[in-house]
Amino acid sequence: MNQPSKPFNIDKRQVYEAYLQVRSNGGAAGVDGVTIEQFESDLKSNLYKIWNRMSSGAYFPPPVRAVSIPKKNGGQRILGVPTVADRVAQAVVKRLIEPTLDAIFLADSFGYRPGKSALDAVGVTRERCWKYDWVLEFDIKGLFDNIDHALLLRAVRKHVTCAWALLYIERWLTAPMQQEDGSLVGRSRGTPQGGVVSPLLANLFMHYAFDLWMARECPDLRWCRYADDGLVHCRSRMEAQRLRDALAARLAGCGLELHPSKTKIVYCRDYRRRGKHETVSFDFLGYGFRPRSVRGPSQKMFCGYTPAVSKSALSAMSYRQFLVTA
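This write-up is about the structure you can find in this document. Owing to the predicted nature of the structure, the values given are computational and were not obtained by experimental measurement. (Residues numbered from 1 in each chain as written. Predicted model: local features only at pLDDT ≥ 70, side-chain atom pairs only at ≥ 80, totals over all residues. Heavy atoms only, no water.)

Helix and strand counts for the chain come out as 11 helices and 11 strands. In the chain, buried positions account for 45% of the 326 residues. Nonlocal contacts in the chain, meaning residues at least 24 apart in sequence, comprise 69% of its contacts between residues at least 6 apart. Working note: accessible area of the chain is about 16900 Å², and carbon and sulfur atoms make up 52% of it. (Helix = DSSP H or I, 4+ residues; strand = E, 2+ residues; numbered from the N terminus. Buried < 20%, exposed > 50% of the residue type's maximum accessible area, 1.4 Å probe, protein only. Contact = heavy atoms within 4.5 Å. Areas by Shrake-Rupley, 256 points an atom, 1.4 Å probe, with all protein chains shown as cover.)

Let us now look at the side chain of R113. Following the sequence through the fold, R113 ends up in the loop between α4 (84–104) and α5 (118–131). By relative accessible area, which is 9% here, R113 ends up buried. Discounting chain neighbours no more than four positions away, the residues touching R113 are D102, F105, L106 and N203.

On to helix α9 (residues 198–217), then. Counted at 1.5 Å a residue, the expected span for α9 with its 20 residues is 28 Å, and the 27 Å between its end C-alpha atoms agrees. Remark: the principal bend of α9, roughly 50°, maps to H207. For α9, the tally of buried residues reaches 15 of 20 residues, placing the bulk of the element in the interior. (Expected span 1.5 Å × (residues − 1). Bend = angle between axes of the 7 residues up to and from the residue.)

When you line up the elements, G182 lands in the loop between β4 (177–178) and β5 (184–185). In sequence terms G182 and A66 are 116 residues apart; their C-alpha atoms lie 9.6 Å from each other.

Next up on the list: the sheet that holds β5. Ordered by their spatial adjacency, four strands build an open sheet running β2-β1-β4-β5, and the pairing between neighbours is mixed. The open sheet is flanked by β2 (76–81) and β5, the only strands paired with a single partner. Pairing of β4 with β5, which is carried by two bridges, proceeds in the antiparallel orientation. Counted as the bridge partner of Q178 is L184 from β5. (Pairing = 2+ DSSP bridges.)

Glancing now at the sheet that holds strand β8 (residues 264–267). Taking strand neighbours across the sheet as the criterion, the four strands line up as β6-β7-β3-β8 in an open arrangement whose pairing is antiparallel. Pairing within the sheet leaves two strands with one partner each, and these edge strands are β6 (222–226) and β8. Direction aside, the axes of adjacent strands within the sheet are offset by 20° on average. Alignment of strand β3 (residues 134–139) against strand β7 (residues 229–234), held across six bridges, turns out to be antiparallel. Counted as the bridge partner of D139 is D229 from β7. (Axes fitted to C-alpha atoms, helices over the stretch in contact; angles between N-to-C directions.)

For the pair α4 and helix α8 (residues 163–174), the least separation of the axes is 10 Å and the interaxial angle reads 130°. By the criterion of interaxial angle, the relationship of α4 to α8 is oblique. In the crossing of α4 with α8, the sense of the turn from one axis to the other is left-handed. Residues D86, A89, Q90, V92, V93, L96 and I97 of α4 form the contact with α8, whose own contacting residues are W164, A165, I169 and W172. (Parallel < 35°, antiparallel > 145°, perpendicular 65-115°, else oblique. Left-handed = near helix turned anticlockwise from the far one by under 90°.)

Before going further, it helps to spend a moment on the packing of helix α1 (residues 12–25) against α4. Contact geometry of α1 with α4 gives a least axis separation of 8 Å together with a crossing angle of 110°. The orientation of α1 with respect to α4, classified from their angle, is roughly perpendicular. Facing Q14, V15, E17, A18, Y19, Q21 and V22 of α1, the residues of α4 in contact are R87, V88, A91, V92, K94, R95 and L96. Residue classes in the contact of α1 with α4 are distributed as eight nonpolar, two polar and four charged. (Nonpolar A, V, L, I, M, F, W, Y, C, P; charged D, E, K, R; others polar.)

So, on to the packing of aromatic side chains. Ring pairs (aromatic) are described by centroid distance and by the angle formed between their planes. The final tally for this structure, using the stated rule, is 10 aromatic pairs. Residues Y48 and W51 carry aromatic rings whose centres are separated by 5.6 Å and whose planes lie at 45° to one another, so their mutual orientation is tilted. Of this pair, Y48 and W51 both sit in helix α3 (residues 43–56), three residues apart, which is roughly one turn of the helix. Assessed through its relative accessible area of 14%, W51 is described here as buried. Among the aromatic residues, those joined into a cluster by ring pairs are Y16, Y19 and F39. Over the ring of W51 we find K12; its NZ or CZ atom is 4.7 Å from the centre of that ring. Sitting over the ring of F110, K116 keeps its end group 4.5 Å from the ring centre. (Phe/Tyr/Trp six-rings, centres within 6.5 Å; stacked < 30°, edge-to-face > 60°. Lys NZ or Arg CZ within 6 Å of the ring centre and 35° of its normal.)

Within the fold, T191 resides in the loop between β5 and α9. Of note is the side chain of T191, whose polar atom sits 2.8 Å from the side chain of S198. Beyond its immediate stretch of four places on either side in the chain, T191 contacts F144, I147, L173, S198 and L201. (Polar contact = N/O pair within 3.5 Å; in protein donor to acceptor, adjacent residues only side chain to side chain.)

If you want it as structure tokens, here you go:
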């Protein structure tokens, strides 16, 4: 007697390749305490369970484990760590939908994208700081924690047509978080920072909340965004101030907020630009941009506006080195 076919056609090879990606990325155990090494001890059976449940529509993600990590500038950030099996399931969906979504993203969106890096974003920023006098540096407060599910799913459904991918994305968005004391906290907003599919979903949300809005409202201004950190190059302080206010209103309409202390207007002062201004430096992706003495082609020194590894990044690297050698 033939067994009934699965409602969703998922190739077992997709699950295995997703597992290889998860293994290469490493990571801690989730709420079940199972490490990657323990998962691999019964690999064939574990991968079969994931495939069988996803193919039948019966896959329900377990809670994510809350893990507190220190921020560079003080305070704590809460990551939501999925189980190893759930990371594999998320990787199956991510690998399926990423080519479609990445194809619609704009060139100046750099974060968590194949073929793009933080250094690429730093490079274009360096060039543009020479061409524009002012920079609006902005940071979005708690992006991953505050993404509006209804708005996100509207964007997902516009570009993702696979029924099972849509089903599991909705389930991942509402999977609860398990606190250190074992209690469960439900979620009605956000996508866990620590999930495999979360950066892609956050990029899609920001594609509509910021990227396309900038292309539509300010087509003559250059910008650069890496996840929740971004810059817009402006021609005057007044232009930067107007943009800051407009951007704050735009993000508020999407359920987001500009970080009050990390959003600022910066004057890119170098040898061509005169005058005293309150803020002439900013940090972006671990690099500090500010006036520096640089050597020109003729070996003469002059004041340029260039990046170097920021003090906070150096401190973080020193701290990590201390932990390794202690």
